[in-house]
Amino acid sequence: MKRMIIFCMLFFCSTMVLTETSPRRAKYRQILRKIEELESMVKEKDAELLYTPENFVDGCENTTVTCFKKGILKLQPARSQDTPKFTKAIRIVSRFTAKDKQCNATPPCESYEKKTPKNFLKGFENLIQMLFKN
Amino acid sequence: VYVPTSGLIPCLLLAGVECELYNEEYMTCMWGSREMPTVNYSLFYWYKNASNKGVECKRYLQDQGVRVGCYFEQNELIQFQSFHVLINASVGGKTLEIPSKRMLLQDLVKPAAPVNLTIRNMSNNQLQLTWASPYPNDQCLEHAVKYKSNKDTSWTLSVNGDVFSLPSVDYEKSYTFYVRSKINKFCGSTLFWSEWSLPVFWGSNSTSKGPPAGPPPLPWWCAVWGSVSPLLFPGTVEEQLYWFGIRTVLVPIASCLLLLVLVILLVRMERVWVILMPRIPNPSKNFDELFITHNGNFQEWAGVPKDVVESFKPNYSENICYVTELPPKDSHEPLWDSSNHAPPPMPGPPAAPNEHSPYWNSYGRV
């Protein structure tokens, strides 16, 4: 019985390995879908303007992602009935991290231009598209 | 030469500068046409964080001697950086500067049209259309197929992934297919579809390769896959990615949970074993009377009549017990009892094998 259980454990481990095809791109796809959802639900009227990084510095991707994640938390849904879906998407996006290849000097988040929530999300979309393409 | 007022030029350029990045190989930015006033135009461009502000276009595109566009080489193009263009219109010693708004080159990509369109006959009268794309990154493309038969009046448009399937075809008709591509939302927010590809034809009255002589015989697993694959890989790229996302998230999670359960099983085997394989219930309490009162004698407990019990007994043989009458006490002859006698041969089957037993015969042959 013990031997059978060990065999089953090894079997399931191997199936997990097989499903792990290009996880990086799958993650970017998921984040892009969530940003698209947020763009459709976000409140624009009387909403706070957010620092939106652009002209991303090569090698400092995670630092830029961190700036976006700070801004993401300030977004609000336009309709209250969208709150659960909105909160879930925010939670998924907040957990996303990228890798800094070699980051020498990045401008601080506050040095970027402030934009409306939808343009802020478009800026975030651009960053993830860059990561996906490369 | 008609010299327009200085106010007219900005009006004519309100249509804006239109840039297109062809297959990420080169870019053209057009700002005018033959109807433009005949003035001297020059284009300057820069990227927001570039050190040199305003590099002039190295190769202008001209229409009847008037500059109407600029051609950019691949090494002049940087994606994901703000791209700005400034048009200078010089007329009569005066120069007007007309800036354009900020552009992102990844949103201006127009891929090349698909090539090598191929049709294959699948099982169940199904056609499968495949193609190749000159664009280097397949993951960034989505495709649209338009087709019609010789009996249809309008085209049918379908947006999908890398392969297009037509579920049922009429062998009496001939079909024409076109494909075009676009950068999908994972690589840019583009609006440009590529040009339509060269067409491919299928069916009777067609010049395509291979006679339409009916579907070739296929192995059974191909038919099974043909019916199962639309369920596993439904139409659009988005649905494929959705299912891919589900699979990559749910399958590892389910496997992990199952793994955890198995680990717990291993550690706490005894307790789970008892739950999964419970103790076999013992109904002996219902049979106390049988085991205790009648000492396991089923016939007695069941109330079977004695003669029936006797009739079920197998042939029974026992040594004949010789009973002798004891002599009277005054004679001292030795006692004759069964212990001094050799037992007579038993009436039943002999205990030792003899010449007539089948076992001995077989032993003898060996």
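That block above? That's the structure.
Here we summarise the structure given alongside this text. Owing to the predicted nature of the structure, the values given are computational and were not obtained by experimental measurement.

### Focus on the sheet that holds strand β10 (residues 109-110) of chain B
Residue and element names in this part refer to chain B. Strand order in this open sheet of five strands is β5-β6-β2-β1-β10, and the pairing throughout is mixed. Looking at the sheet topology across the chains shown, the edges are occupied by β5 (60-63) and β10. Note: β5 against strand β6 (residues 66-72), four bridges, orientation antiparallel. The partner of Tyr60 across the bridge, within β6, is Cys70.

### What about the side chain of Gln128(B)?
Residues and elements named next belong to chain B. Position of Gln128 relative to the elements: it lies in strand β12 (residues 127-132). Residue Gln128 is classed as buried on the basis of its relative accessible area, which comes to 14%. Within the structure, the side chain of Gln128 is placed 2.4 Å from the side chain of Arg120, a separation counted as a polar contact. Gln128 has contacts with Thr118, Ile119, Arg120, Met122, Val163, Phe164 and Ser165, leaving out every residue within four places of it along the chain.

### Side note on the sheet that holds β12(B)
Residues and elements named next belong to chain B. The sheet built from three strands is open, its strands ordered β11-β12-β15 with antiparallel pairing. One side of each edge strand has no neighbouring strand; the edge strands of this open sheet are β11 (115-121) and β15 (163-166). Mean inter-strand twist for the sheet, computed between neighbouring axes without regard to direction, equals 20°. With five bridges connecting them, β11 and β12 associate as antiparallel partners. Bridge pairing in β12 places Thr118 opposite Thr130.

### Some details on the state of the cysteines
For the coordinates displayed, the defined rule picks out five disulfides over all chains. At a sulfur-sulfur separation of 1.8 Å, the disulfide partner of Cys67(A) is Cys109(A). What sets the handedness of the Cys67(A) and Cys109(A) disulfide is the S-S torsion sign, and at about -90° it is left-handed. Within this pair, whereas Cys67(A) is found in helix α3 (residues 61-72), its partner Cys109(A) is found in the loop between α4 (83-94) and β2 (114-115), the two being separated by 42 residues in sequence. Paired through a disulfide, Cys140(B) and Cys187(B) show a sulfur-sulfur distance of 1.9 Å. Handedness here is read from the sign of the S-S torsion; for Cys140(B) and Cys187(B), about -65°, the answer is left-handed. Of this pair, Cys140(B) sits in the loop between β12 and β13 (141-149) while Cys187(B) sits in the loop between β16 (174-183) and β17 (200-203), and the two are 47 residues apart along the sequence. On the basis of relative accessibility, which here comes to 0%, the residue Cys187(B) falls in the buried class. What links to what in chain B: the bonded cysteines, counted in sequence order, pair as 1-2, 3-4, 5-6. When the cysteines of chain A that form disulfides are numbered from the N-terminus onward, they connect as 1-3, 2-4.

### Considerations on the layout of surface pockets
A volume near 950 Å³ is recorded for the largest pocket. Lys101(B), Arg102(B), Met103(B), Leu104(B) and Leu108(B) are, among the 41 residues lining the largest pocket, the residues nearest its centre. Of all the elements in the fold, those that place two or more residues in the lining of the largest pocket are α5 (117-133) of chain A together with β1 (18-22), β2 (26-30), β7 (82-91), β8 (94-99) and β9 (103-104) of chain B. Sorting elements by how many residues they give to the lining of the largest pocket places α5(A) first, with five residues.

What counts as what
Residues numbered from 1 in each chain as written. Chains lettered and ligands numbered in written order. Predicted model: local features only at pLDDT ≥ 70, side-chain atom pairs only at ≥ 80, totals over all residues. Heavy atoms only, no water. Pairing = 2+ DSSP bridges. Helix = DSSP H or I, 4+ residues; strand = E, 2+ residues; numbered from the N terminus. Buried < 20%, exposed > 50% of the residue type's maximum accessible area, 1.4 Å probe, protein only. Polar contact = N/O pair within 3.5 Å; in protein donor to acceptor, adjacent residues only side chain to side chain. Contact = heavy atoms within 4.5 Å. Axes fitted to C-alpha atoms, helices over the stretch in contact; angles between N-to-C directions. Disulfide = S-S within 2.5 Å. 1 Å grid on protein atoms, 1.4 Å probe; cavity = no way out; pocket = protein on both sides within 12 Å on 5 of 7 lines; lining within 4 Å. Points joined across faces, edges and corners; volume = space filled by probe spheres on them.

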